[in-house]
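Summary of structural features
Below, each chain spelled out in residue letters.
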Amino acid sequence: RFITERSDFANRDNITSLLFLFGVPEFLEKEVSLRHTSKKVRYMSMIRTFKLPISPWVINKLLSSKYLRVQRLAMYSNIMLSSDSDLDYFETDFFDKHCCIKDEIELAYSLQRRRKSGRKLPNLARWANLQKNEPSQCMFVRLMRRFNELEYCDQLTELYKTQPRKKKLIEEISRTWGYLHFTEGEPLLIDALLTQPDDTKVAIMHALTRFATGNGLPALLEGFHNTTNPHVRFEALRCLYNYGEEGKAKFYELEMNAREEDKRFFDFFNNPITLEKIRLDKEQAYHPSVETVYNG
């Protein structure tokens, strides 16, 4: 009766109150501290699922475990308690070589919890620069735009300049700069546009369109004229169409002077059904789709 009077039915606070009422957090922490590895993993996962507190002393003990899985789970729990300097697991060669989509999901959940608790998020650009493998670099660059880390975007500049052959990394940096409106990176994007593979050109053009400073308009026109790839040409038109009044004027000028074989590109913009899909989205911020005990 005490529980139901305090919380709505199935509310997370309701569940947490019950767990504390029966002493579950203390039990789980003791099991994590003293049991063998499989039990540690099982009970730490339960602690994290229900967002229960865990002693920093226990976490520090687990971080010195010889089992990498235990270290990994302890580090994700440690995100809620630590400063940047205490999260050195994400700077190891092991993480760089073996990170996967599960790590990205776990990191996003953990960072969301940390943000919701009012704690400052770690510098994800620093981690992106410390990695050597492209997948792990891309993961941290993606998370930067999910958590709106505009203040660290300039730290990706050297990465963009020195690793131009990493196609996926260049695309992710371009997207992150575009979504976060890091206009200081616009000259680099314009200079790189015509030398990049086709998919990367599209990512760069989208970023220039999100900037909409006026400086990227000639580059978008070049993106349409200097390729034979129909996908790139269509995306260039799409970017022009979304580039404010000046860009739309250039779009209609191109339509009026289009060659017969190019008119097919403009059909999408004259059909009310396909026109609804022409706009570019404005953000990729991290918003849990459903409020649950795990991400609420």
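What you see is a predicted model; the values in this text were computed from it and never measured. (Residues numbered from 1 in each chain as written. Predicted model: local features only at pLDDT ≥ 70, side-chain atom pairs only at ≥ 80, totals over all residues. Heavy atoms only, no water.)

**A short note on the overall build of the chain**
The number of helices and strands found in the chain is 18 helices and zero strands. The burial tally for the chain puts 47% of its 296 residues in the buried class. If you take every contact in the chain between residues at least 6 apart in sequence, the share linking residues at least 24 apart comes to 66%. Working note: accessible area of the chain is about 15,800 Å², and carbon and sulfur atoms make up 54% of it. (Helix = DSSP H or I, 4+ residues; strand = E, 2+ residues; numbered from the N terminus. Buried < 20%, exposed > 50% of the residue type's maximum accessible area, 1.4 Å probe, protein only. Contact = heavy atoms within 4.5 Å. Areas by Shrake-Rupley, 256 points an atom, 1.4 Å probe, with all protein chains shown as cover.)

**Some remarks on the packing of helix α3 (residues 24–34) against helix α4 (residues 37–49)**
It is at 8 Å that the axes of α3 and α4 come closest, and there the two elements cross at 145°. You can see that α3 and α4 cross each other, and the crossing is left-handed. Packed against α3, whose contacting residues are Phe-27, Leu-28, Glu-29, Glu-31, Val-32, Ser-33 and Leu-34, the element α4 presents Lys-40, Tyr-43, Met-44, Met-46 and Ile-47 at the interface. (Axes fitted to C-alpha atoms, helices over the stretch in contact; angles between N-to-C directions. Left-handed = near helix turned anticlockwise from the far one by under 90°.)

**What to know about the packing of aromatic side chains**
Tallying each qualifying case throughout the model produces 14 aromatic pairs. Ring centres of Phe-90 and Phe-95 lie 5.1 Å apart, and the angle between their planes is 90°; this geometry places the pair in the edge-to-face category. Using a relative accessible area of 0% as the deciding quantity, one classes Phe-90 as buried. Aromatic side chains Phe-251 and Phe-266 sit 5.4 Å apart centroid to centroid with 55° between the ring planes, which places their arrangement in the tilted category. Within this pair, whereas Phe-251 is found in helix α17 (residues 244–256), its partner Phe-266 is found in the loop between α17 and α18 (272–275), the two being separated by 15 residues in sequence. (Phe/Tyr/Trp six-rings, centres within 6.5 Å; stacked < 30°, edge-to-face > 60°.)

**Regarding the nonpolar core**
Grouped together as the largest cluster of nonpolar side chains are 64 residues, with contacts concentrated most on Phe-90, Phe-95, Leu-107, Phe-140, Leu-156, Trp-177 and Leu-237. Non-local contacts of Phe-140, meaning those with residues more than four positions away in its chain, are made with Phe-90, Phe-95, Leu-107, Leu-124, Trp-127, Ala-128 and Gln-131. (Core = buried A, V, L, I, M, F, W, Y, C linked by side-chain atoms within 4.5 Å.)

**Focus: the confidence of the model for the chain**
Averaged over every residue, the pLDDT of the chain is 84; the share at 70 or more is 89%. At the low end of the mean pLDDT range in the chain sits helix α1 (residues 2–6), at 53; at the high end sits helix α12 (residues 167–180), at 96. (pLDDT = per-residue confidence, 0-100.)

**Structural notes on unusual backbone geometry**
Positive phi outside glycine occurs at Asn-148, with the angle close to 55°. Here Asn-148 shows up in the loop between α10 (134–146) and α11 (157–162). By relative accessible area, Asn-148 is classed as exposed at 52%. The phi dihedral of Ala-212 is positive, around 50°, even though this residue is not glycine. Among the structural elements, Ala-212 can be located in the loop between α14 (198–211) and α15 (217–225).

**Focus on the packing of helix α16 (residues 230–241) against α17**
As a packed pair, α16 and α17 sit with axes 7 Å apart at the nearest point and diverge in direction by 135°. Relative to α17, α16 is oriented oblique. Only Gly-247, Lys-248, Lys-250, Phe-251, Tyr-252 and Leu-254 of α17 make contact with α16, whose side of the interface consists of Leu-237, Leu-240 and Tyr-241. Of the residues belonging to the contact of α16 with α17, the class tally is six nonpolar, one polar and two charged. (Parallel < 35°, antiparallel > 145°, perpendicular 65-115°, else oblique. Nonpolar A, V, L, I, M, F, W, Y, C, P; charged D, E, K, R; others polar.)

**Regarding the environment of Gln-137**
Mapping Gln-137 onto the fold places it in helix α10. We classify Gln-137 as buried; its relative accessible area is 0%. Remark: the alpha-carbon pair of Gln-137 and Leu-169, spanning 32 residues in sequence, is separated by 6.9 Å. Leaving out residues up to four positions away in the same chain, Gln-137 has contacts with Ala-128, Gln-131, Lys-132, Leu-159, Gln-163, Lys-166 and Leu-169. A polar contact is formed between the side chain of Gln-137 and the side chain of Lys-166, at a distance of 3.1 Å. (Polar contact = N/O pair within 3.5 Å; in protein donor to acceptor, adjacent residues only side chain to side chain.)

**Notes on helix α8 (residues 101–116)**
In a regular helix each residue adds 1.5 Å, so 16 residues correspond to 22 Å; α8 covers 23 Å between its end C-alpha atoms and thus fits that length. Listing the buried residues of α8 in full gives Asp-103, Glu-104, Glu-106, Leu-107, Ala-108, Ser-110, Leu-111, Gln-112, Arg-113 and Arg-114. Summarising the contacts, the buried residues of α8 are in contact with α4, α6 (68–78), α7 (93–98), α9 (124–130) and α10. (Expected span 1.5 Å × (residues − 1).)

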